[in-house]
Structures are given as C-alpha cells and as structure tokens.
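Structural characterization, general
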Amino acid sequence: MRERTIVQAALALIAGGFVWAVAWFLLGFTEDGARPVLGLSEGAWRAVLNPALLAVMAGAWIFFMRLGSRAGGLGFLAAVVVEAGLLATLIGNVVEVGLWGDGFSETGWDVFVAGTLGTLLGVLLLGVAIVRTGLLPRAVSLPFAGGLAAFLAGAMLGPAVGIGWLLWGYVLLGARGVTPDEE
C-alpha cells in the first residue's frame, strides 16, 4: 500500500472525526431546532455529518487494510460490520435530514441509531482483531486504546465517537512503518 494512500486515509479519519465531534457538540446547543448555532439549524448540523461519514468510511477501510487484514476472518468480519454500520448511519441521516438539512422523514432516526450501534460493535471487533495480530506499534497503543474507549463512550455521548475516529486516524499515521505481511 502506498504511503500517500495511508496518509490520506489517516487524514480522512482525523477530519471526519473532528467534523463529527464538532457537529454533535454544537448540535446540542440548537435546542431541538428552535435556535440556530453559528447560523445553522439542527437539521443543517446533522447534514454536516454526511461528508464526515463518507470520509470515515474511506479511512476505516484503509485502517482495516493496513492494521486488521492479518487478523483473518475476524478482522474482515469486523471491517464489513463497520462499513455496513457506517453506510446505514449515512442512509439514516440522509433519510431523516436530507442532504442539506431540510429533512425528509423521522424514520431515518431508527436507521441512523441501528447503523451507529452496528458501527460501534464492528469497531470493538476490529479493535480485538488488531490487538490479536500484535502489529500495533507501542507508540500508538495509547491512542488506539483511547479511541476504543471513545467509541464506547459514544454510545451515550455523540461527540465521543468523532474523537475515537480522530484518534484512530493518528494511530494510522503512527503505524505507517508497519507492514501487514511481516511475521
């Protein structure tokens, strides 16, 4: 895998995680859409998540290819669950708030929540798979564990998920010298 691809994927995870965390943080100040924050309504802040989810999907796949591909079936299953969960989250968000925040249907929230929970399950599986490979450099083990903790906290606090993706982007940058084929 080319160095440039790894760096771009890491930056996609960092940017997507940052946008996710900021959007969810500011979304909490909109008071159910009654008051815009920085000129954006609740729906518009939720629409900001759409490009963040696309960036995270791309970065997460490269993260798996770089660090989890040696984990065998568990790593692949985890990556598929993560990607399917992120796709469901994106679809649910688009169904509920649309592309620009103008909204479509309340049923999108159910798909969004199911996708997010599926993503969290997949991330935990991927974390276990990566730890089992022993490939993770010691220098990035703390951000890796912090990312896992942030994902778990994200089940109750939305911005934490973004922090988890941001930390895993840093892990991917720190693991550039790792070759998945080494024993």
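In short, a report on the structure.

Rules behind the numbers
Residues numbered from 1 in each chain as written. Predicted model: local features only at pLDDT ≥ 70, side-chain atom pairs only at ≥ 80, totals over all residues. Heavy atoms only, no water. Helix = DSSP H or I, 4+ residues; strand = E, 2+ residues; numbered from the N terminus. Buried < 20%, exposed > 50% of the residue type's maximum accessible area, 1.4 Å probe, protein only. Areas by Shrake-Rupley, 256 points an atom, 1.4 Å probe, with all protein chains shown as cover. Phe/Tyr/Trp six-rings, centres within 6.5 Å; stacked < 30°, edge-to-face > 60°. Lys NZ or Arg CZ within 6 Å of the ring centre and 35° of its normal. Salt bridge = Lys/Arg side-chain N within 4 Å of Asp/Glu carboxyl O. Expected span 1.5 Å × (residues − 1). Contact = heavy atoms within 4.5 Å. Core = buried A, V, L, I, M, F, W, Y, C linked by side-chain atoms within 4.5 Å. Axes fitted to C-alpha atoms, helices over the stretch in contact; angles between N-to-C directions. Parallel < 35°, antiparallel > 145°, perpendicular 65-115°, else oblique. Left-handed = near helix turned anticlockwise from the far one by under 90°. Nonpolar A, V, L, I, M, F, W, Y, C, P; charged D, E, K, R; others polar.

1. Some points on the overall build of the chain
For the chain, the count of helices and strands is 6 helices and 0 strands. Put simply, the chain runs from its N terminus to its C terminus through helices and strands in the order α-α-α-α-α-α. A total of 183 residues make up the chain; the buried ones form 46% of that total. Here the chain has roughly 8,900 Å² of accessible surface; of this, 69% comes from carbon and sulfur atoms.

2. Let's talk about the packing of aromatic side chains
Within this structure, the stated rule accounts for 11 aromatic pairs. With centroids separated by 5.1 Å and ring planes inclined at 0°, the aromatic side chains of Phe144 and Trp168 adopt a geometry described as stacked. With Phe144 in helix 5 (residues 141-153) and Trp168 in helix 6 (residues 158-174), this pair connects stretches of sequence that are 24 residues apart. Since its relative accessible area comes to 3%, Phe144 is described here as buried. An aromatic cluster of at least three residues, connected via ring pairs, comprises Phe63, Phe144, Phe151, Trp165 and Trp168. Note that Arg46 overlies the ring of Phe112, its terminal NZ or CZ placed 4.7 Å from the centroid.

3. Structural notes on the pattern of salt bridges
Going through the model one piece at a time under the given rule, you end up with 1 salt bridge. One salt bridge in this structure joins Arg46 and Glu96, with 2.9 Å as the shortest N-O distance. On the criterion of sequence distance, the pair formed by Arg46 in helix 2 (residues 42-68) and Glu96 in helix 3 (residues 72-97) is long-range, its members being 50 residues apart. Assessed through its relative accessible area of 4%, Arg46 is described here as buried. When its relative accessible area of 12% is taken as the criterion, Glu96 is described as buried.

4. Digging into helix 6
Look at helix 6: 26 Å from first C-alpha to last across 17 residues, which is about the 24 Å you get at 1.5 Å a residue. Buried residues of helix 6: Pro159, Ala160, Val161, Gly162, Gly164, Trp165, Trp168, Gly169, Val171 and Leu172, and no others. Contacts made by the buried residues of helix 6 are with helix 1 (3-27), helix 2, helix 3, helix 4 (108-133) and helix 5.

5. Notes on the nonpolar core
With 41 residues, the main nonpolar core has Phe63, Leu86, Phe144, Trp165, Trp168, Val171 and Leu172 as its most contacted residues. Looking at this core, the elements that each hand over two or more residues are helix 1, helix 2, helix 3, helix 4, helix 5 and helix 6. At 10 residues, helix 2 tops the list of elements feeding residues into this core. Sequence-distant contacts of Leu86, that is, excluding residues within four places in its chain, are made with Leu53, Val56, Met57, Ala60, Thr119 and Trp165.

6. Overview of the packing of helix 1 against helix 2
Any two packed helices are characterised by how steeply their axes cross, that is the angle between the axes, and by the distance between the axes. Taken N-terminus to C-terminus, the directions of helix 1 and helix 2 make an angle of 150°; their axes are 7 Å apart at the nearest point. In terms of orientation, helix 1 lies roughly antiparallel with respect to helix 2. Crossing hand, helix 1 versus helix 2: left-handed. Partitioned by chemical class, the residues of the contact of helix 1 with helix 2 number 20 nonpolar, 4 polar and 3 charged.

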